[in-house]
Amino acid sequence: MNKKSVKNTIYFLCSPSLGLLDNWLPVIWNLKHKRNDLKFIIIFPKPNIIRQISLSNILIILGSKIFDNIVLKTEGGSWVIADSFLNAIENNKKSIFERILIKIILKLKKMKITKIAGNIIHFLYTQYSGYINRKFQFSWQFVKENGLCILYDIYDESKPFNLELMKNFKDLPKFSIQHGININDGGIINITKKLFSKNLRKDVKAYLFSSMEVPIYKHKYAIDNSSMQIIGIPRHNLDWMEFIRSNIPKENNEINLQDSGSIFIISRPGGTNYFPYERKKKALEDIKRLAWKDLKKNIVIKLHPKERKEGIYEEVFGTDTYGYNWVYSDNHPFVLAEDSDFAISFYSGVVIDMLALGIPTIEYLDLRGIPEYDNDESLRDKMDHPVFSYRYLNLVLGTSNYEMMRAHAKEIMNNRENVLYKLQKKYNELFPKIENINDKIAKDILDLSYKKVSRN
């Protein structure tokens, strides 16, 4: 490929998780529809993101119709290219030898006395990885030759694993949409946190869900007002939501549980500093009591993209009741919402999806007594409990214990319309609905990208 090659490739940095693909996909779909001659490449900067992929996931099904290539970083540090998600998964698989070697490297690096040895072995492993993947190696020179723009989340730009990668895109127009539907910190600016210098950035166009995010983006990312656009939530376009539902394979929709209605659990990994394992277990025990004893409802669980089956659900709900009273589902929330009486979240942007679909959500998260989150700077609800943004902004019914959760559930079951009205009123105040927004964003990206190319 010579240096005068046409700038015909749009890159999409899928980081920190597949959740970003959910937010960008309606826009990328429109870009593909507008310019079928363009090439689309998705980049996975960490091997664990590839491990989140299920080929039956609607995002991957639709993504396979868009992305011409998948570029991924292997455990050994090699950048390789694949022509399908299936091949990307295969390329990411490690041999028994590699799995053992990685464990040894990590163990050696943890101890000061063996750290040097760990670094040496790690270097040798990267050389080995580069050799065995030499046929599939991706050259970043292609970005300089054919890159038109990059789509990503500016939040993840400064992560250590992306810093070196982003240098390849320094001359390309950048367009950002946040990976989770959220208004960070409830819209309150923390002046002690800043990611960039005071110099305004001119290489990024940021699409924001809400006007409340404007001062945050200006402070944290040095984005000027002229480089921000309020778009609402692209994936909540009614046509897009119906498109998602209509393209999900029929077999994915089948959940065979007892016909008594269900509670949709929007899960999150346990073991984090704000959601330790014992608090997650307590929350699940309370949900089990509410669902099976008080309400006689089934439970459907959607794991977080970064979450793996860790055995806690089996421990609390029991393996003998699986498939009868509770079940995991990898289906899209747009579908899972249809058969849910309400949802219970442990902190997730999916709660905003639920409001768009008319499903109220209870957020069960007890931050009390955790110093990092229960302090003078904490957001607090009307009961003075430390909370995160969704609860602070009254987009969910917040609870820190069983009694509060039970009261909210009863309120939903007995006065659903009133509960939903209050929650959706807040949604509508924060997130505008703009007609044909995905088409407008796609047009904006193409116009700005080609203006930059023509100037160069």
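Quick note: structure is the one above.
Since the structure is predicted, the reported quantities are computational estimates derived from the model, not experimental observations. (Residues numbered from 1 in each chain as written. Predicted model: local features only at pLDDT ≥ 70, side-chain atom pairs only at ≥ 80, totals over all residues. Heavy atoms only, no water.)

(A) View of the overall build of the protein chain. Across its full length, the protein chain holds 18 helices and 16 strands. For the protein chain, whose C-alpha radius of gyration is 23 Å, the value lies close to the compact-globule estimate of 23 Å for 456 residues. Considering only C-alpha atoms, the protein chain reaches an extent of 70 × 50 × 50 Å along its principal axes. Expressed as a percentage of the 456 residues in the protein chain, the buried residues total 54%. Of the accessible surface of the protein chain, which amounts to about 21,700 Å², a share of 52% is contributed by carbon and sulfur atoms. Side-chain charges of the protein chain comprise 68 positive and 52 negative groups, with the mean position of each set lying 6 Å from the other. (Helix = DSSP H or I, 4+ residues; strand = E, 2+ residues; numbered from the N terminus. Rg over C-alpha atoms; globule rule 2.2 N^0.38 Å. Buried < 20%, exposed > 50% of the residue type's maximum accessible area, 1.4 Å probe, protein only. Areas by Shrake-Rupley, 256 points an atom, 1.4 Å probe, with all protein chains shown as cover. Lys, Arg positive; Asp, Glu negative; His and termini not counted. Charge placed at Lys NZ, Arg CZ, Asp CG, Glu CD.)

(B) Inspection of the pattern of salt bridges at higher detail. The tally for this structure, following the rule as stated, stands at 27 salt bridges. Between Lys280 and Glu310 there is a salt bridge, with its nearest N and O atoms 2.9 Å apart. Pair noted here: Lys280 is in helix α11 (residues 277-294) and Glu310 is in the loop between β10 (298-302) and α12 (312-317), with a separation of 30 residues, a long-range link. Overall, the relative accessible area of 0% leaves Lys280 in the buried class. Among the ionic pairs, Glu429 bridges to Lys425, the shortest N-O distance being 3.0 Å. (Salt bridge = Lys/Arg side-chain N within 4 Å of Asp/Glu carboxyl O.)

(C) A look at the sheet that holds β10. The strand order across the open sheet built from six strands is β11-β10-β9-β12-β13-β16, with neighbouring strands paired in parallel fashion. Sheet topology places β11 (326-328) and β16 (397-399) at the edges, where each strand pairs with a single neighbour. Neighbouring strand axes in the sheet, compared pairwise and without regard to direction, differ in orientation by 25° on average. Here strand β12 (residues 340-345) pairs with strand β13 (residues 361-364) via three bridges, running parallel. Bridging from a neighbouring strand, Ile344 pairs with Ile362 of β13. Taken strand by strand, α11 contacts β9 (262-266), β10, β11, β12 and β13, and its axis lies near 145° from that of β10. Relative to the sheet, helix α16 (residues 402-414) contacts β12, β13 and β16, its axis offset from that of β16 by approximately 155°. (Pairing = 2+ DSSP bridges. Axes fitted to C-alpha atoms, helices over the stretch in contact; angles between N-to-C directions. Contact = heavy atoms within 4.5 Å.)

(D) A look at the nonpolar core. Ranked by internal contacts, the top residues of the largest apolar core, which has 111 residues, are Phe12, Trp24, Phe44, Leu151, Tyr313, Phe317 and Ile445. A total of seven residues in this core trace back to one element, the largest contributor, which is helix α1 (residues 19-34). Excluding residues within four positions of it along the chain, Phe44 makes contact with Cys14, Leu18, Ile49, Ile50, Ile53, Ile70, Val71, Leu72, Lys73, Trp79 and Phe85. Counting residues in hydrophobic clusters, the runner-up holds 23 residues, among them Ile41, Trp79, Ile150 and Leu165. (Core = buried A, V, L, I, M, F, W, Y, C linked by side-chain atoms within 4.5 Å.)

(E) Examining the environment of Phe85 more closely. In this fold, Phe85 is placed in helix α4 (residues 85-92). Along the sequence, Phe85 and Tyr328 sit 243 residues apart, while their C-alpha atoms lie 23 Å from each other. Sequence-distant contacts of Phe85, that is, excluding residues within four places in its chain, are made with Ile42, Phe44, Ile53, Leu55, Ile60, Gly63, Ser64, Phe67 and Ile70.

(F) Spatial organisation of the side chain of Asn30. Locating Asn30 in the fold gives a position in helix α1. Exposure remark for Asn30: the relative accessible area of 19% places this residue in the buried category. With near-sequence residues (within four places) excluded, Asn30 lies in contact with Asn438, Asp439 and Ala442.

(G) Structural context of a nonpolar patch on the surface. Taken together, the side chains of Phe97, Tyr128, Tyr131 and Ile132 define a hydrophobic patch exposed on the protein surface, amounting to about 410 Å² of accessible area. Broken down by element, the nonpolar patch gets its largest block of residues, three residues, from helix α6 (residues 115-132). Secondary-structure assignment places Ile132 in helix α6. For Ile132, a relative accessible area of 36% gives the class partly exposed. (Patch = residues over 30% accessible without salt bridge, like charges linked within 9 Å, V, L, I, M, F, W, Y side chains within 5 Å.)

(H) Spatial organisation of the sheet that holds strand β2 (residues 39-44). Spatially, the eight strands line up as an open sheet ordered β4-β3-β2-β1-β5-β6-β7-β8, and their pairing is mixed. Two strands close off the open sheet at either side, each with one partner strand: β4 (79-82) and β8 (228-230). Averaged over all adjacent pairs, the angle separating strand axes in this sheet is 20°, with direction ignored. Sheet topology note: the β2/strand β3 (residues 69-73) ladder contains four bridges and is parallel. Bridging from a neighbouring strand, Phe44 pairs with Leu72 of β3.

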